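So the chains spell out like this:
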Amino acid sequence: TMISTTMASFRSIVAFILLSSTLALPMQVVINQRGTECMYEKLEADEHVTMSVFILSGSELKATASLEGPIAPPEADTGRELQAAISKFQSGERYGKFVTHHENIDFEHLQPQLMDDDPLRMEEDDDRTDLTPSERRKKNERRREKARQARKRMEKMRLEREKNMRDEGDPMQKTLQAKAAGWYRMCVRGTWYQITAEMEMRREKELGGVDEKTGHVWTYEQKALAAEAKMLDEDTASEEEGIQDEDFDKTRDQLRKLRRLLADIQSKQLSERRRLAVHAATNEHSHSRMVLSSLLETILFMAVTWFQIHTIRKWFSGAPVLGR
């Protein structure tokens, strides 16, 4: 009985794990040349929302991502009402305090543009020799204070750069807080080439919170982990006959470790899949550029060769081409 009940609990946990893992995949869309694809979510006031974009393929792994709202009031429940409100929004009408973010993203060149460091600007030494010891101490103190403030600014800029840097396989993410209730949208606009992108729009109220480390709304994987942890905490040995508390706690700890390991493997697999997709697209673009460069060099070489042959023939035929 103990084995059967334990296996039943284990099978229910495993089934929940497998179900949750299938719900964590972002939506893939094909965006045509200069085309735009959007996603919409209804948010409450002060609710956080995160947009996530990753470009998988295309002649250029570039696009423009935007997150804005409210573009429609929360009372718009049908598609027709939403479309009518969006038309009014595009005509200039606003539905509360508006927030927006636009960003150009490039997955072939991950290094961000470096900001100019704020140098430690010190007061230039003057030639005054009539300063009293008290005035000189005050001047040195002001100089040290300016140096401390400059170092703080430089450290803040460094941390901001590190926060904005993305590793290969990581999507571009941006989180905003809604200032007013209503409909918000995230859009991805392509460049002059067709691209395939993964898009995700995550709501704080739907997924349960904001990650303190990243500042972004929880992912579906994090929500599943929290739900599984809650289910394990609520389950006790008293509900199972013939199971000791110590054995039950050990089994529960092992299930937690198994779930964390599975989540880590899934995260690494997703990141690796994205990284390989970017590498394949980058290699293809490099090969295309190399082929085009070789073709242009060949045409130029043939043109120069033809000109030389033509000139030599004219010279030997006695035509005054080169001058005498």
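How each quantity is defined
- Residues numbered from 1 in each chain as written.
- Predicted model: local features only at pLDDT ≥ 70, side-chain atom pairs only at ≥ 80, totals over all residues.
- Heavy atoms only, no water.
- Helix = DSSP H or I, 4+ residues; strand = E, 2+ residues; numbered from the N terminus.
- Contact = heavy atoms within 4.5 Å.
- Disulfide = S-S within 2.5 Å.
- Buried < 20%, exposed > 50% of the residue type's maximum accessible area, 1.4 Å probe, protein only.
- Pairing = 2+ DSSP bridges.
- Axes fitted to C-alpha atoms, helices over the stretch in contact; angles between N-to-C directions.
- Salt bridge = Lys/Arg side-chain N within 4 Å of Asp/Glu carboxyl O.
- Expected span 1.5 Å × (residues − 1).
- Arc of directions from axis to C-beta.
- Polar contact = N/O pair within 3.5 Å; in protein donor to acceptor, adjacent residues only side chain to side chain.
- Phe/Tyr/Trp six-rings, centres within 6.5 Å; stacked < 30°, edge-to-face > 60°.
- Lys NZ or Arg CZ within 6 Å of the ring centre and 35° of its normal.

Visitor: Quick rundown of the side chain of Thr-50? Include the residues and the values.
Guide: In this fold, Thr-50 is placed in strand β3 (residues 48-58). Ignoring sequence-local partners within four residues, the contact set of Thr-50 consists of Gln-173, Lys-174, Thr-175, Glu-200, Met-201, Arg-202, His-216 and Val-217.

Visitor: I'd like to hear about unusual backbone geometry, residue by residue, with values.
Guide: With an omega of 0°, the peptide bond running from Gly-69 to Pro-70 counts as cis. Checked against the element boundaries, Pro-70 lands in strand β4 (residues 62-72). Positive phi, normally seen in glycine, also occurs at Arg-34, with a value near 55°. In this fold, Arg-34 is placed in the loop between β1 (27-31) and β2 (36-43).

Visitor: Before we move on, could you go through the state of the cysteines and cite the residues and values that matter?
Guide: Formally, a disulfide is one covalent bond, and it connects the sulfur atom of one cysteine to the sulfur atom of another. Applying the stated criterion across every chain, the model contains 1 disulfide. Paired by a disulfide, Cys-38 and Cys-187 hold their sulfur atoms 2.0 Å apart. Disulfide Cys-38 to Cys-187: torsion about the S-S bond roughly 105°, handedness right-handed. Taken together, the residues Cys-38 in strand β2 and Cys-187 in strand β7 (residues 182-190) connect sequence positions 149 residues apart. Looking at Cys-38, the relative accessible area reads 27%, which means it is partly exposed. For Cys-187, a relative accessible area of 8% translates into the label buried.

Visitor: Can you lay out the sheet that holds β1 for me, pointing to particular residues and giving the numbers?
Guide: Spatial strand order, β1-β8-β3-β6: 4 strands in an open sheet with antiparallel pairing. Every interior strand has two partners, whereas the edge strands, β1 and β6 (172-177), have only one. Neighbour to neighbour, the strand axes of the sheet diverge by 25° on average, direction disregarded. Here 5 bridges tie β1 to strand β8 (residues 195-203), and the two strands are oriented antiparallel to one another. Residue pairing in the sheet places Val-29 in a bridge with Ala-197 of β8.

Visitor: Would you mind going over the pattern of salt bridges in detail, with residue names and values included?
Guide: Pairing of side chains with opposite charge becomes possible as their charged atoms draw close. Under the defined criterion, the tally for this structure stands at 8 salt bridges. As a salt-bridge pair, Glu-68 and Arg-185 come within 2.9 Å of each other at their nearest N and O atoms. Of the two residues, Glu-68 sits in strand β4 while Arg-185 sits in strand β7, which places them 117 residues apart along the sequence. We note a salt bridge from Arg-148 to Glu-145, for which the minimum N-O separation is 2.5 Å. Within this pair, Arg-148 and its partner Glu-145 are both found in helix α3 (residues 133-164), separated by 3 residues, close to a single helical turn. Ionic contacts of the salt-bridge type, sharing partners, join the residues Glu-141, Arg-144, Glu-145 and Arg-148 into one network.

Visitor: An account of the environment of Ile-31 is requested, with residue identities and associated values reported.
Guide: Mapped onto the fold, Ile-31 is located in strand β1. The spacing of Ile-31 and Arg-189 is 158 residues in sequence and 7.4 Å in space, taken between C-alpha atoms. The residues touching Ile-31, leaving out its near neighbours within four places in the chain, are Thr-36, Glu-37, Val-188, Gly-190, Tyr-193, Gln-194, Ile-195 and Ala-197.

Visitor: Give a detailed account of helix α2 (residues 79-90), specifying residues and quantitative values.
Guide: With 12 residues, α2 should reach 16 Å at 1.5 Å per residue; the first-to-last C-alpha distance of 16 Å fits that figure. If you check which residues of α2 are buried, you get Leu-82, Ala-85, Ile-86 and Phe-89. Taken around the axis of α2, the buried residues stretch over an arc of 105°, which confines them to a single face. Here the buried face of α2 lies against β2, β4 and β7.

Visitor: How would you sum up the side chain of Glu-198? Please name residues and give values.
Guide: Position of Glu-198 among the secondary structure elements: in strand β8. The class of Glu-198 is buried, set by a relative accessible area of 2%. Within the local environment of Glu-198, its side chain forms a polar contact with the side chain of Gln-28, the two groups lying 3.5 Å apart. Setting aside residues up to four positions removed in sequence, Glu-198 forms contacts with Pro-26, Met-27, Gln-28, Ser-52, Val-53, Phe-54, Leu-56, Arg-273 and Arg-274.

Visitor: Can you explain the packing of aromatic side chains? Please cite residues and give values.
Guide: Across all of its chains, the model carries 3 aromatic pairs by this definition. With 4.8 Å between their ring centres and 75° between their planes, Trp-315 and Phe-316 make a pair best called edge-to-face. The aromatic ring of Trp-192 is capped on one face by Arg-34, whose charged end is 4.7 Å from the ring centroid. The ring of Phe-98 is capped by Arg-94, whose NZ or CZ atom sits 5.1 Å from the centre of that ring.

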